[in-house]
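Residue-level listing of the chains:
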Amino acid sequence: MEVAPAPAPAPESVSLEAKSPFEMRVHLGEGVPETDVKSALKTGDLGFLHSFTTGSAVDGPGMRLVAWTTACMFRCQYCHNPDTWTLKNGIPVPLGRAIEEVQKYATGLIAMKGGFTLSGGEPLMQDRFAARLFAAAKKMGVHTAIETNGYYAERLTDEELRNIDLVILDMKAFTRTHHELVTGIGNADVLEFCNRLAELKRPMWLRYVLVPGLTDIPEEMEAVADFGASLGVVERAEILPFHQMGRYKWERLGLNYKLEDTEGPAKEGIDKAVAIFREAGLDAA
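Draft legend 1. Spatial organisation of the packing of aromatic side chains. Under the definition given, this model contains 7 aromatic pairs. Cluster of aromatic residues (ring-pair linked, three or more members): F74, Y151 and Y152. Sitting over the face of the ring of Y152, R155 holds its NZ or CZ atom 3.8 Å from the ring centroid. The positively charged end of R236 is found above the aromatic ring belonging to W205, 4.4 Å away from the centroid.

Encoded structure:
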């Protein structure tokens, strides 16, 4: 049965920091006029964020401060944060306020050999905000990373890409047909971005979500692994086992969740996937 989301509190009463990116957050930017939203997307003066989380050890090297943006063009069947699909579910955050949040942790992040990661949602749906925030973080001497699906990467210039020390590319599939099955959209732009990063010699990590019956296709995994290895800039590949931690969000948002009865992969399946990526020559785990 479809369950309507609970009324959201006013944005100013919601903490910018969250205990977990799995918190449900909706409607927080709906008071922003459309003209202001368009201006924000054009200039980057304002961003829409789900939250910041601290102490992450899985979103780049070292301990990380992570900002989670809202808005995404993909509709991945296994998405654990479908509340971040919509821009105005995010908290409207002025660029200066976001920079202050990074500055607050900059000294510690540098000391711990960590850094700042921008994730989502899809950060490049808000490319001007992302580019300006990364530029500010680099001026602080903070290591920067972006977790992206790569679809809108042409919105960043080569100079702006150099302000990003690491690209964590969420590779959903390799063939167009399978990518469309998983996300609803093709992947020509994603592959083009990967080739561009290789030409620019920009460091990459590849992430691949292992979903039984959907992405655990040996031929797809082999194609992703071989492509990643051919780029020459992929430092590591991460196989992420599917989980059901975001299921409740699909239910509360009234979305059709096709993976409702899908269980996480068995250890044997995870080991097989890791082996495929290693056989291609990648440092995989």
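Draft legend 2. Focus on the nonpolar core. Within the largest apolar cluster, 75 residues are counted, with the highest numbers of intra-cluster contacts made by Y78, F116, M171, M204 and F277. One finds V37, L46, A71 and L87 within the second-largest nonpolar core, a separate group that totals 7 residues.

Draft legend 3. Fine view of the pattern of salt bridges. For the coordinates displayed, the defined rule picks out 20 salt bridges. For K104, the salt bridge identified is with E17, shortest N-O distance 3.2 Å. Of the two residues, K104 sits in helix α2 (residues 95-111) while E17 sits in the segment before α1 (34-43), which places them 87 residues apart along the sequence. Residue K104 is classed as exposed on the basis of its relative accessible area of 52%. What makes E17 partly exposed here is its relative accessible area of 29%. R207 is the partner of D59 in a salt bridge, and the nearest nitrogen-oxygen pair spans 3.5 Å. One end of the pair, D59, is in the loop between β1 (46-56) and β2 (64-69); the other, R207, is in strand β7 (residues 204-210), with 148 residues separating them in the sequence. By the burial criterion, D59 is buried, and R207 matches it. In the salt-bridge network here, residues are joined through shared partners; they are D59, E147, R207, R236 and E238.

Draft legend 4. Focus on a negative patch on the surface. Residues E219, E222, D226 and E279 make up a contiguous surface patch of negative charge. No other element matches helix α7 (residues 218-231), which puts 3 residues into the negative patch. Structurally, D226 is set in helix α7.

Draft legend 5. Seen up close, helix α9 (residues 267-279). With 13 residues, α9 extends 18 Å from end C-alpha to end C-alpha; this agrees with the ideal 18 Å at 1.5 Å per step. Within α9, burial applies to A273, V274, I276 and F277. The buried residues of α9 occupy one face: seen down the axis, they fall within an arc of 155°. Turned more than 90 degrees off the buried face of α9, the exposed positions are K267, E268, K272, R278 and E279. Contact partners of the buried residues in α9: β7, α7 and β8 (234-241). Positive phi appears at G281, one or two residues downstream of α9, with a value of about 105°.

Criteria and cut-off values
- Residues numbered from 1 in each chain as written.
- Predicted model: local features only at pLDDT ≥ 70, side-chain atom pairs only at ≥ 80, totals over all residues.
- Heavy atoms only, no water.
- Phe/Tyr/Trp six-rings, centres within 6.5 Å; stacked < 30°, edge-to-face > 60°.
- Lys NZ or Arg CZ within 6 Å of the ring centre and 35° of its normal.
- Core = buried A, V, L, I, M, F, W, Y, C linked by side-chain atoms within 4.5 Å.
- Buried < 20%, exposed > 50% of the residue type's maximum accessible area, 1.4 Å probe, protein only.
- Salt bridge = Lys/Arg side-chain N within 4 Å of Asp/Glu carboxyl O.
- Helix = DSSP H or I, 4+ residues; strand = E, 2+ residues; numbered from the N terminus.
- Patch = residues over 30% accessible without salt bridge, like charges linked within 9 Å, V, L, I, M, F, W, Y side chains within 5 Å.
- Areas by Shrake-Rupley, 256 points an atom, 1.4 Å probe, with all protein chains shown as cover.
- Lys, Arg positive; Asp, Glu negative; His and termini not counted.
- Charge placed at Lys NZ, Arg CZ, Asp CG, Glu CD.
- Expected span 1.5 Å × (residues − 1).
- Arc of directions from axis to C-beta.
- Contact = heavy atoms within 4.5 Å.

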